[in-house]
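Chain by chain, the residues:
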Amino acid sequence: MIDAFLEATIRWATPFALAALGECVSERAGVINIGLEGSIIAGALGATIGAGVFGPTVGFAAGALSGVLIATFFGVFAVALRSDQIITGTAITMFSLGATGTLYRLIYGAAGVSLSTPTTGVFAVPVLSSIPVIGLALFVQPPITYVLYFAIAGVAWWLSRTQAGLALRAVGERPEAAAAAGVNVRRVQFGAVVFAGAMAGLAGATLVLAQAGTFVENMSAGRGFIAIAIVVLGRWRPLGVAAASLLFGAAYTLQNLFQSLGLAGVPYNLFLAVPYVLTLIVLSLSRSGTSSPAALGQKEIVSR
Amino acid sequence: MTLPSVTGETIVTPAQGRGASIRVSTIVGGLLRALVLALVAVVLLVVLLTITGQRTGDALIALVNGAVGSWYAITSATLVRAVPLALAGLAVSLAFRAGILNIGAEGQLLAGAAAATFASLAAPQLGVFVIPLLLAAGCVAGAAWAGIAAFLRQKLGVLEVISTIMLNYVAFHTVGYLVRGPLQESTHVFPQSFNIDPRAQLPLIIPGTRLHLGFALAVVIGIALWWWLRDRAGGFRLRAVGANARAAASAGRIDVARTTTVAFLASGAIAGLAGAAQLSGVTYSLYETISPGYGYTAIAVALLARLNPLGVLGAAVMFGALEAGANAMQRDAGVPEVLVSVVEALLILLVLAADRWRTRSVRMAEAST
């Protein structure tokens, strides 16, 4: 019972953690990418198309690439032109939701046609998967979850232990100082935005290829915005972000459980609202304080 | 965390502004700008239609006919669609002017529509007086829904962009619950409310069309807001806070917290009114998809109007025409209607880029002198 619950929690948490890990890097470089939602839905459609033709592995690659495409679009306006990050991100999300909806209908016909995509099964890691309680949860998952484990460790190491990671953090805290030290601020920020796009694209691909097995318009359903809240809850640290994602994985697991139990007379819509209410509660309880990058959202490199 | 001012406007005090009445050049400039934007929208649409392999000619004919092809199309399709866009656009522009990024017009609109549905239940007792009641209920519900985000922002420092978006989803699912629960029509077959009492329906302002009182309300509120922002001390304070909250507090001794909270609530009230007007003027019943994203399109409307309330009215009519035309395009030429949101998003991005380009060239000119 408990191991099944943990298994579902990690499965649902995977797309959140992927997207939030990307956003974490982007925000550490000082860019708040509200267009993350746009990258997720683009990744979902890209994965559907890619997997439909060449199978799930190519699907994931196509998803990441689609996420990068949308993020590049965001980067051109928000990083290169220094437009307002939040308005740009909102517009990018609108663009992506509209574009994916249009493309989906053009490629697969009118909405409502059910479409089934090949999905990746679970892979049990030998030995580790037989650990009691957590074995099933951590090591009997779709391959993308294992990619996530490496990504979390890799990003945590890269941010704190490498020269490039230090430069990126400097850009997010004091861009003018980073620029004076010879760091190309815009290039670093653009790179961080592109990375976030790739991760969000993978998150979208996960929704299609490891969970739903189909594409639905607007299927990202606000996950990009929730991922931004997860970054706040995770204190802008990769391991914190991973832990915070588990909370949302658990919320989705419980939501599905309650829905399937069909608690007497309670319409399912109220359960659907739970993750969003949870996000509001989480944001209210976590003070951003000093852990937020100092130059987050700042337009100009040279301030004041 | 620094949140940049969205407007980047120069603040003119009411005293300075009052002397200069509306200059002809401003009006001409505004109209020219509108014309350019409309042209850009059409060009974008043609490009998108072409690259997605649609029959561009047929689609454009359907678009024009659906939007402005007849008196009925203008009044009953374009202008009727412009009403929620205008009201929600005014809501967004008011908040943005105060430096509050209220992305929650959609949720506030839904809250307003739901509250108006509840209020319409009082129709048998109140007769025609139910209309002011349900409009007021819409305003109160919209303000209350915005009030949650305003409270979280003020007391707990929660970024309103995220909280308002979350509240949009909560509002959507709550309406979904209401129309399957307490407000469901009596046969319990369809996920929607009963039709509201005819006495609770907004009167039509042009006979033979579907244009309802909400249009007049939007125009009046737009003009009032424009005058208030330009000529009143309260409007000045609001603009000062939006342009630079720190300077407004220190140099102008303005109570920033109070000003932003009031602006946030007022913004929610106007968005709530949009929902109430849509319910009692157009749909007459509540259902989940009562708003096909009016609250999001409103952001495009507000930004294209450069947050000017009079401009919002014009931009709303333009977007109303675009959406009415897109609806006809889907019906008659099989072009997915969602294509329009791509055009809208691209317009926002182009306007942002153009504004950045202008401020940059102004700065360069200043630097070189």
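Residues numbered from 1 in each chain as written. Chains lettered and ligands numbered in written order. Predicted model: local features only at pLDDT ≥ 70, side-chain atom pairs only at ≥ 80, totals over all residues.

**Student:** Before we move on, can you summarise the overall build of chain A with the specific residues and values?
**Tutor:** On a plain count of helices and strands, chain A comes out with 13 helices and two strands. Its C-alpha atoms give chain A a radius of gyration of 19 Å, within 12% of the compact-globule value 19 Å for 304 residues. Each of the three principal axes of chain A carries a C-alpha extent, and together these read 60 × 45 × 40 Å. The proportion of buried residues among the 304 residues of chain A is 53%. Expressed as a percentage of contacts within chain A between residues at least 6 apart in sequence, the contacts between residues at least 24 apart total 77%. (Helix = DSSP H or I, 4+ residues; strand = E, 2+ residues; numbered from the N terminus. Rg over C-alpha atoms; globule rule 2.2 N^0.38 Å. Buried ≥ 20, exposed ≤ 12 C-beta atoms within 10 Å, placed from the backbone. Contact = placed C-beta atoms within 7 Å.)

**Student:** I'd like to hear about the interface of chain B and chain A, residue by residue, with values.
**Tutor:** Across the boundary between the two partners, chain B contributes 41 residues, which contact 42 residues of chain A. Contributing elements (two or more residues each) for the side of chain B that touches chain A: α7 (130-156), α8 (160-178), α13 (294-304) and α15 (339-368) of chain B. When grouped by side-chain class, the residues that make up the side of chain B that touches chain A number 29 nonpolar, nine polar and three charged. (Nonpolar A, V, L, I, M, F, W, Y, C, P; charged D, E, K, R; others polar.)

**Student:** Describe in detail helix α9 (residues 213-231) of chain B, supporting the description with residues and values.
**Tutor:** Residue and element names in this part refer to chain B. For α9, spanning 19 residues, the distance from its first C-alpha to its last is 27 Å, which sits close to the expected 27 Å at 1.5 Å a residue. Regarding α9, the residues found buried are G214, F215, L217, A218, I221, G222, L225, W226 and L229. End-on, the buried residues of α9 take up no more than an arc of 160°, which puts them together on one face. Away from its buried face by more than 90 degrees, α9 exposes V220 and A224. (Expected span 1.5 Å × (residues − 1). Arc of directions from axis to C-beta.)

**Student:** Mind laying out the packing of helix α10 (residues 233-243) of chain B against helix α12 (residues 256-283) of chain B, listing which residues take part and the relevant values?
**Tutor:** All names here are of chain B. Running from N to C, α10 and α12 cross one another at 105°; their axes reach a closest spacing of 10 Å. The angle between the axes of α10 and α12 places the two elements in the roughly perpendicular class. Residues R237, L238 and V241 of α10 touch α12, and the partners they reach there are V256, T259, T260 and A263. A breakdown of the residues in the contact of α10 with α12 according to their chemical character gives four nonpolar, two polar and one charged. (Axes fitted to C-alpha atoms, helices over the stretch in contact; angles between N-to-C directions. Parallel < 35°, antiparallel > 145°, perpendicular 65-115°, else oblique.)

**Student:** For unusual backbone geometry, give the residues involved together with the corresponding values.
**Tutor:** Residues other than glycine seldom take positive phi values, yet R235(A) does so here, at roughly 55°. On the secondary structure map, R235(A) appears in the loop between α10 (223-233) and α11 (238-261). Given 18 C-beta atoms within 10 Å, R235(A) falls into the partly exposed group. A positive phi angle, close to 65°, is found at L307(B), a residue other than glycine. Among the secondary structure elements, L307(B) is positioned in the loop between α13 and α14 (309-333).

**Student:** Tell me what's going on with the environment of T187(B), and back it up with residues and numbers.
**Tutor:** Residues and elements named next belong to chain B. Within the fold, T187 resides in the loop between α8 and α9. Taking the C-beta count within 10 Å as the criterion, T187 has 7 such neighbours and is therefore assigned exposed. Sequence separation of T187 and L109 is 78 residues, and the distance between their C-alpha atoms is 27 Å.

**Student:** Any chance you could break down the nonpolar core for me, citing the residues and the numbers?
**Tutor:** By size, the foremost hydrophobic cluster in this structure holds 229 residues, and its most contacted members are I230(A), L87(B), A88(B), A91(B), I270(B), A298(B) and V301(B). Other than its neighbours up to four places away in sequence, L87(B) contacts A218(B), I270(B), L273(B), A274(B) and A277(B). (Core = buried A, V, L, I, M, F, W, Y, C linked by C-beta atoms within 7 Å.)

**Student:** Can you explain the environment of G69(B)? Please cite residues and give values.
**Tutor:** Looking at the secondary structure, you find G69(B) in the loop between α3 (56-68) and α4 (71-97). In the structure, G69(B) is positioned 256 residues away from G325(B) in sequence and 9.5 Å away in space, judged by C-alpha atoms.

**Student:** Provide a residue-level description of the packing of α4(B) against α9(B), including the pertinent values.
**Tutor:** All names here are of chain B. α9 packs onto α4 with a crossing angle of 25° between their chain directions and a minimal axis gap of 9 Å. Overall, the two elements α4 and α9 adopt an arrangement that is roughly parallel. Note on packing geometry: the crossing formed by α4 with α9 is left-handed. Facing α4, whose interface residues are L79, V83, A86, L87, L90, L94 and R97, α9 presents G214, F215, A218, I221, G222, L225 and L229. The class makeup of the residues in the contact of α4 with α9 is eleven nonpolar, two polar and one charged. (Left-handed = near helix turned anticlockwise from the far one by under 90°.)

**Student:** Lay out helix α13 (residues 274-285) of chain A in plain terms, naming residues and giving numbers.
**Tutor:** With twelve residues, α13(A) ought to run about 16 Å at 1.5 Å a step, and its terminal C-alpha atoms sit 16 Å apart, in line with that. By the burial criterion, the buried members of α13(A) are P275(A), Y276(A), T279(A), V282(A) and L283(A). Along the axis of α13(A), the buried residues cluster in a sector spanning 120°; they form a single face. Within α13(A), the exposed residues directed more than 90 degrees away from the buried face are I281(A) and L285(A). Buried residues along α13(A) sit in contact with α10 and α11 of chain A together with α8 of chain B.

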